[in-house]
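Here is how the chains run, residue by residue.
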Amino acid sequence: MEPEDEQSGEPERRPAPSGLSLFEPREQSEDGQGEPGDGPAGRPDEAPEPPSRRRRTRRVLLWTVAALLALVLGAGGALWWTAEHYASSVPRIPDAFPTVPDSAQPKPVPDSGLNLLLVGLDARSDTPTTGTAAKAPAWQAGAARSDTMMLLHLSEDRRSATLVSLPRDTWVPVPGHGEAKLNAAYSWGGPALMTETVQNLTGIRVDHLAVIDWNGFRALTDAVGGVDITVPRTIEGVGEARAWEAGTHHMDGATALLYVRERYGLPGGDLDRTKRQQNFLRALMLKVMDSGTLGSPARLGGLLGTVGEVVSVDDRLSNTDLFQLAWSLRSLRPDGVRFLNAPFGGFATRGEQSVVLLADRPAERLWEAIRNDRTEQYFQERGAGDTLGADVD
């Protein structure tokens, strides 16, 4: 029985509970009605939350979400600005790839990593031809030959890299010009003819191209503060070749340039010179990795800015592509990088020219491994081959 009102005799009516929580709905009884006298969520004797507190709670939540979104979007915007700002400073080379139909070029293999052709120019001039400091074009017919050519393969997972030097005196067919030394291709037809010649030689599709001249090489070395190179034994000077004392040398740009260009004082001539070039790149790579640059977007942007001052790349490499490529190398470790010469088949003469011949079958096995991103398997099965050792003359 419900209690009666003393004045009217009518049953007393209790007011319906109000102020239900925004986050906890009122618990219902079996007939769909809340139990009389229950507070929020059907809990007896619990006071309802005031409307002012609910509004404050919602405002706090909204501001928290807004702050998190601002942080995420701000970080993404800063990263995008870094990529655009620094990557856009790297000059692009137009028409760097062969104009022959795709059917006449090696077919790209899906999910097989990335292949880059690295070219060092001997412009025989003090006028820069690459990077933002360039005062002359990277290529003019007959004005410069490629002094250094390296094919760099990055595995699909970016945990290993293989860098193969192609001796400049390698005797090859140059499209439209017959047989000649490999470095003549750049002189005759610039980046496009050089790329086509390397693709025909290796059967590997080149994805991107980077070019630096000796002026840029010297400036890049100075920009990173020089590198430390260990000469394992004393090398006496021969003719114009510099003598080197055994020990570790801290080399600035001018000294490093003497080191990587010399061949006449070395027993293997141009083949030993390519090993010196690889040795320098290894020292430079170790310095960049030890500094933590590849794992920091800000430092990586600064590195791209430095590279852009001296290096030019193909115009298929967008700003985003360039930054993402550099960022993808953050998991690469020194022991995952191998340096080697293309398989050597002997010295020979063609007319009055001294040339280098490749060993056809061993070379084809290496090219096939690179094409299909199986370099790790290749080295496991065939050993180190002509990979760069710890001691380089």
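Procedures and definitions
Residues numbered from 1 in each chain as written. Predicted model: local features only at pLDDT ≥ 70, side-chain atom pairs only at ≥ 80, totals over all residues. Heavy atoms only, no water. Helix = DSSP H or I, 4+ residues; strand = E, 2+ residues; numbered from the N terminus. Contact = heavy atoms within 4.5 Å. Areas by Shrake-Rupley, 256 points an atom, 1.4 Å probe, with all protein chains shown as cover. Pairing = 2+ DSSP bridges. Salt bridge = Lys/Arg side-chain N within 4 Å of Asp/Glu carboxyl O. Buried < 20%, exposed > 50% of the residue type's maximum accessible area, 1.4 Å probe, protein only. Polar contact = N/O pair within 3.5 Å; in protein donor to acceptor, adjacent residues only side chain to side chain. pLDDT = per-residue confidence, 0-100. Phe/Tyr/Trp six-rings, centres within 6.5 Å; stacked < 30°, edge-to-face > 60°. Arc of directions from axis to C-beta. Axes fitted to C-alpha atoms, helices over the stretch in contact; angles between N-to-C directions. Parallel < 35°, antiparallel > 145°, perpendicular 65-115°, else oblique. Left-handed = near helix turned anticlockwise from the far one by under 90°. Nonpolar A, V, L, I, M, F, W, Y, C, P; charged D, E, K, R; others polar.

Looking only at helices and strands, one finds nine helices and 13 strands in the protein. Sequence separation of 24 or more characterises 66% of the internal contacts of the protein that already satisfy a separation of 6 or more. Accessible surface, the protein as shown: approximately 21300 Å² in total, 52% of it carbon and sulfur.

Side-chain direction in a regular strand flips from residue to residue, so the side chains alternate between the two faces of the sheet. Bridging between strand β1 (residues 92-93) and strand β10 (residues 311-314) involves two bridges; their strand directions are parallel. Across the sheet, residue Arg 92 finds its bridge partner in β10, namely Val 313. One ladder, built from three bridges, connects strand β7 (residues 208-213) with β10; its direction is antiparallel. Bridge assignment links Ala 210 to a residue of β10, and that residue is Val 313.

With that out of the way, let us pick up the pattern of salt bridges. On inspection of all chains with the given rule, the structure shows eight salt bridges. The residue Arg 273 makes a salt bridge to Asp 270 at a minimum N-O spacing of 3.0 Å. Taken as a pair, Arg 273 and Asp 270 lie in helix α5 (residues 270-290) at a separation of three residues, close to a single helical turn. Between Glu 364 and Arg 371 there is a salt bridge; the shortest N-O distance is 2.6 Å. Under the relative-accessibility criterion, Glu 364 is labelled partly exposed at 36%. Each of Asp 147, Arg 168, Asp 270 and Arg 273 takes part in salt bridges that share partners, so that together they form one network.

Looking now at helix α3 (residues 214-223). Of all the positions in α3, only Trp 214, Asn 215, Gly 216, Phe 217, Leu 220 and Thr 221 are classed as buried. A side-chain oxygen of the first residue of α3 lies 3.2 Å from the backbone nitrogen of Asn 215; this N-cap is Asp 213. Once α3 ends, the next one or two residues include Gly 225, with phi positive near 85°.

To continue, consider the confidence of the model for the protein. Of all residues in the protein, 72% attain a pLDDT of 70 or more, and the chain-wide mean is 79. Helix α1 (residues 51-87) is the least confidently modelled element of the protein, averaging 57 in pLDDT, while strand β5 (residues 171-174) averages 97, the highest of any element. This model gives residues 1-10 a pLDDT under 50, and the stretch forms nine contacts once residues within four places in sequence are excluded.

This paragraph deals with the packing of aromatic side chains. Taken as a whole and judged by the stated rule, the model has five aromatic pairs. On the basis of an interplanar angle of 85° and a centroid distance of 5.7 Å, the ring pair of Trp 244 and Tyr 259 is categorised as edge-to-face. Placement of the pair is Trp 244 in the loop between β8 (227-231) and β9 (247-251) and Tyr 259 in helix α4 (residues 253-261), with a sequence separation of 15 residues. Ring geometry for Tyr 378 and Phe 379: centres 5.2 Å apart, planes at 80°, overall edge-to-face. The exposure classification of Tyr 378 matches that of Phe 379, with both residues buried. Three or more aromatic residues joined by ring pairs form one cluster here, namely Trp 214, Phe 217 and Phe 280.

Turning our attention to the pairing of strand β4 (residues 161-165). With five of five residues buried, β4 is to be regarded as a mostly interior element. The side-chain alternation of β4 yields two buried faces, one formed by Ala 161, Leu 163 and Ser 165 and the other by Thr 162 and Val 164. Both β4 and strand β11 (residues 337-341) contribute to a ladder of five bridges, which runs parallel. Within the sheet, the bridge partner assigned to Val 164 lies in β11 and is Leu 340.

Next up on the list: helix α7 (residues 319-328). Count 3.6 residues to each turn of an α-helix, and residues three or four apart come out pointing the same way. Within α7 the residues assigned to the buried category are Asn 319, Leu 322, Phe 323, Leu 325 and Ala 326. Taken end-on, α7 shows its buried residues confined to a sector of 160°, consistent with a single buried face.

All right, on to the packing of α3 against α4 then. Two elements in contact, α3 and α4, have axes separated by 8 Å at closest approach and are oriented at 130°. With respect to each other, α3 and α4 are oriented oblique. The way α3 lies across α4 gives a crossing that is right-handed. Between α3, through Trp 214, Phe 217, Arg 218, Thr 221 and Asp 222, and α4, the contact on the second element is made entirely by Gly 253, Ala 254, Ala 256, Leu 257, Val 260 and Arg 261. For the contact of α3 with α4, a count of residues per class yields six nonpolar, two polar and three charged.

Examined against the element boundaries, Leu 284 turns out to sit in helix α5. Sequence separation between Leu 284 and Ile 229 is 55 residues, and the spatial gap between their C-alpha atoms is 9.6 Å. What Leu 284 contacts, discounting residues up to four positions off in sequence, is Leu 220, Val 224 and Val 227.

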